[in-house]
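Spelled out from the first residue to the last, the chains are:
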Amino acid sequence: MTENPQDVFVPPTRFAVPGRIAVSGGAAALWQRALITDIRRETPAVSTFRLKVPDWQGHLPGQHLMLRLTAADGYVAQRHYSIASAPEGSGEIELTLDHVPGGEVSGHLHTVARVGDTVEVRGPLSGFFAWPGDRPALLLGAGSGVVPLMSMVRHHRRTGLGLPLRLVVSARTPEDLIYADEYADETTVVLTRTEGRLSAGHLAPFLGDGGRPEGGWEAYICGSNGFAEHASRLLVEGGQPVDRIRIERFG
Amino acid sequence: MTPDVPAPTASYEPTRGFTGRARAADRDPRLPPGQYDARDGWPVLSAEVTPRLTAAEWTFRIDGLVAAPRTWTWDEAHALPPSEYRGDIHCVTSWSKFGVRFGGVSLDTFLAAARPLPGASHVVAYSHTGYTTSLPLDDVTGGKAWIVWEYEDGPLPAEHGGPARLIVPHLYFWKSAKWIAGLRLLDRDEPGFWEQNGYHHRGDPWAEERYAGD
């Protein structure tokens, strides 16, 4: 089975998804103080935390950050959270968090934190799930998976982008639907307790010959792993190329 | 290596009212700084669509700076002497998982057959999805890396990289490429997917090498 050393392997790249933007390593490595300036209830289990980060370098919709809490003895806990706000945020950013039962960081933020407290953040992180606003976007989210997608919707509106953008958001009940008051014509809401889970029918209007924009969609999926697996399969079966699907799964 | 509670940094400032679930004093010594114990959970964090790749379709290849580039099929790989890893794994998103078992073949076995050339210093691991990750050759030799197809007592689940993945458990798990397709040996570091997307080039959990600049 000896082969020519010059015969270099070319990987099968049909699933390959390149990153969207170059990421600044310097900013990502730096922890910064963030002042909580507002806490807003979204649903019974979800709140939005508004943070003032004086040296925030800006972000693109879809990026996340790392948030760190420190105890008096130096013990730290840190988690990744998607950024909910659009980049056009005048030095303040918003995070929308589930109150995870028993959650060390989300539990603190939901039950102890108040306006005027400081936490630490580093970011923005990762260029992979970012949407620079350069391609038509088909966004599929479930539960708090809608958070980075909402940053894209808000950016799309505030900048008056002419590019097509569609959001399909799945929640159990109307009470669980985050940002319910903000959705407009671009959004399809799927209430799973009454309608059942996201189906091919919900996506058909965007995947048929008439529904696909020129150049095709860049698809972004965010949610639990179960949702991500299900939604990505529906997209692939509907004809969306695998190398135009970006997935952010909750770990 | 001795795990330490992370030293306060320049920006260190206690968070009002935060005590933490696990106290520093009784923190599990297996837990690297900034990590938490995922216990029974095993989060899935692939960026791409899980490929439908069968064992019959799976191949693993080593080439680049080697004397004998070659490709193994599923059956050929399974005919090699088995090896397993029992221990901990760590994800850069801050979860760790203790005492897991992966079964497969040591990467040393594959590399011995391909015979790395003296100039080889780094590898790029390729997945069947096109995902790539880069590593120093020293980090995947000497009993530190495996190609695995078993998790605990069963086959490796597809969403965790089945039918077969690379594992390099002493580094953050984005180095452990799922759906592994090949390894190319190089005389230089050639950053892979996450390394190009802002992550650290090496990724040592005990040194908290998470992002570029750490």
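Residues numbered from 1 in each chain as written. Chains lettered and ligands numbered in written order. Predicted model: local features only at pLDDT ≥ 70, side-chain atom pairs only at ≥ 80, totals over all residues. Heavy atoms only, no water.

**Observations regarding helix H3 (residues 146-158) of chain A**
Residues and elements named next belong to chain A.
Part 1 of the argument: Under the 1.5 Å per step criterion, the end-to-end length of H3 is 18 Å for 13 residues, consistent within 8% with the ideal 18 Å.
Part 2 of the argument: Burial runs high along H3: 11 of the 13 residues are buried.
Part 3 of the argument: Taken as a whole, H3 has its buried residues at Val146, Val147, Pro148, Leu149, Met150, Ser151, Met152, Val153, Arg154, His155 and His156.
Part 4 of the argument: Tucked inside the fold, the buried residues of H3 contact strand S4 (76-82), strand S5 (92-98), strand S7 (137-142), strand S8 (165-171) and strand S10 (218-223).
Part 5 of the argument: Looking one or two places after H3, you find glycine 160, whose phi comes out positive at around 60°. (Helix = DSSP H or I, 4+ residues; strand = E, 2+ residues; numbered from the N terminus. Expected span 1.5 Å × (residues − 1). Buried < 20%, exposed > 50% of the residue type's maximum accessible area, 1.4 Å probe, protein only. Contact = heavy atoms within 4.5 Å.)

**A short note on the UniProt feature "domain: Oxidoreductase molybdopterin-binding" (unreviewed entry) in chain B**
Part 1 of the argument: Under the present numbering, the feature "domain: Oxidoreductase molybdopterin-binding" (unreviewed entry) in UniProt falls on residues 50-194 of chain B.
Part 2 of the argument: As annotated, residues 50-194 of chain B has a helix share of 10% and a strand share of 41%, and its two end C-alpha atoms lie 17 Å apart. (UniProt positions renumbered as here; feature names shortened; annotations may be inferred.)

**A short note on the side chain of threonine 50 of chain B**
Part 1 of the argument: With respect to the helices and strands, the residue threonine 50 of chain B is situated in the loop between strand S1 (36-37) and strand S2 (59-64).
Part 2 of the argument: Side-chain polar atoms of threonine 50 of chain B contact the side chain of glutamate 229 of chain A, separated by 2.4 Å.
Part 3 of the argument: Those residues within four positions of threonine 50 of chain B in sequence are excluded, and the remaining contacts are Glu229 and Arg249 of chain A together with Ala158, Glu159 and Trp179 of chain B. (Polar contact = N/O pair within 3.5 Å; in protein donor to acceptor, adjacent residues only side chain to side chain.)

**Structural notes on helix H5 (residues 200-207) of chain A**
Residue and element names in this part refer to chain A.
Part 1 of the argument: Buried residues of H5: His202, Leu203, Phe206 and Leu207, and no others. For H5, the buried positions fall inside an angular range of 120° around the axis, keeping them on one side. Away from the buried face of H5 by more than 90 degrees, exposed residues Gly201 and Pro205 are located.
Part 2 of the argument: Buried positions along H5 lie against S7, S8, strand S9 (187-191), helix H4 (192-195) and helix H6 (225-237). (Arc of directions from axis to C-beta.)

**A few points about the pattern of salt bridges**
Residue and element names in this part refer to chain B.
Part 1 of the argument: Applying the stated criterion across every chain yields a total of 30 salt bridges over all chains.
Part 2 of the argument: Between arginine 30 and aspartate 28 there is a salt bridge, with its nearest N and O atoms 3.0 Å apart.
Part 3 of the argument: Arginine 61 serves as the salt-bridge partner of aspartate 63, at 2.9 Å between the closest nitrogen and oxygen.
Part 4 of the argument: The buried category is assigned to aspartate 63, whose relative accessible area is 1%. (Salt bridge = Lys/Arg side-chain N within 4 Å of Asp/Glu carboxyl O.)

**Brief notes about the packing of aromatic side chains**
Part 1 of the argument: As enumerated under the stated definition, the model contains 23 aromatic pairs over all chains in all.
Part 2 of the argument: Ring plane angle 75° and centroid distance 5.8 Å describe the contact between phenylalanine 128 of chain A and tryptophan 194 of chain B, whose orientation is recorded as edge-to-face. Within this pair, whereas phenylalanine 128 of chain A is found in the loop between strand S6 (118-125) and S7, its partner tryptophan 194 of chain B is found in helix H3 (residues 193-196), the two belonging to separate chains. Like phenylalanine 128 of chain A, the residue tryptophan 194 of chain B is buried in the burial classification.
Part 3 of the argument: Residues phenylalanine 206 of chain A and tryptophan 217 of chain A carry aromatic rings whose centres are separated by 6.4 Å and whose planes lie at 90° to one another, so their mutual orientation is edge-to-face. Of this pair, phenylalanine 206 of chain A sits in helix H5 while tryptophan 217 of chain A sits in the loop between H5 and S10, placing them 11 residues apart in sequence.
Part 4 of the argument: Judged by its relative accessible area of 9%, phenylalanine 206 of chain A is buried.
Part 5 of the argument: We classify tryptophan 217 of chain A as buried; its relative accessible area is 3%.
Part 6 of the argument: Every member of this aromatic cluster is reached through a ring pair, and the members are Phe128 of chain A together with Tyr131, Tyr172, Trp174, Phe193, Trp194, Tyr199 and Tyr211 of chain B. (Phe/Tyr/Trp six-rings, centres within 6.5 Å; stacked < 30°, edge-to-face > 60°.)

**Some thoughts on the environment of phenylalanine 250 of chain A**
Part 1 of the argument: Of note, phenylalanine 250 of chain A is situated in the segment after strand S11 (245-249).
Part 2 of the argument: Relative accessible area serves as the criterion here: at 33%, phenylalanine 250 of chain A is assigned to the partly exposed category.
Part 3 of the argument: Residues phenylalanine 250 of chain A and serine 144 of chain A, 106 residues apart in the sequence, show an inter-C-alpha distance of 9.3 Å.
Part 4 of the argument: For phenylalanine 250 of chain A, the residues in contact, after removing those within four places along its chain, are Ser144, Gly145, Cys222, Gly223 and Ser224 of chain A together with Val44 and Leu45 of chain B.

**Describing the UniProt feature "domain: FAD-binding FR-type" (unreviewed entry) in chain A**
Part 1 of the argument: The UniProt feature table records "domain: FAD-binding FR-type" (unreviewed entry) at residues 29-131 of chain A.
Part 2 of the argument: Between the first and last C-alpha atoms of residues 29-131 of chain A the distance is 22 Å; the span itself is 9% helix and 47% strand.

**Notes on the sheet that holds S5 of chain A**
Adjacent strands of a sheet form backbone hydrogen bonds with each other and so pair up, either parallel or antiparallel.
Residues and elements named next belong to chain A.
Part 1 of the argument: With antiparallel pairing, the six strands of this open sheet are ordered in space as S4-S3-S6-S1-S2-S5. If you trace the sheet from one side to the other, it starts and ends with S4 and S5, each paired once. Averaged over all pairs of adjacent strands, the angle between their axes in this sheet comes to 40°, without regard to strand direction.
Part 2 of the argument: As judged from the seven bridges shared by strand S3 (residues 64-70) and S4, these two strands associate in the antiparallel manner. Of the residues in S4, the one forming a bridge with methionine 66 is histidine 80.
Part 3 of the argument: Relative to the sheet, helix H2 (residues 104-111) contacts strand S2 (46-52), S3, S4, S5 and S6, its axis offset from that of S4 by approximately 80°. (Pairing = 2+ DSSP bridges. Axes fitted to C-alpha atoms, helices over the stretch in contact; angles between N-to-C directions.)

**Brief notes about unusual backbone geometry**
Part 1 of the argument: The residue after glycine 123 of chain A, namely proline 124 of chain A, is reached through a cis peptide bond having omega 5°.
Part 2 of the argument: The omega torsion across glycine 162 of chain B and proline 163 of chain B is 15°, close enough to zero to call that bond cis.
Part 3 of the argument: Along the polypeptide, proline 163 of chain B turns up in the loop between strand S9 (154-155) and strand S10 (165-167).
Part 4 of the argument: Even without being glycine, arginine 39 of chain B reaches a positive phi, approximately 50°.

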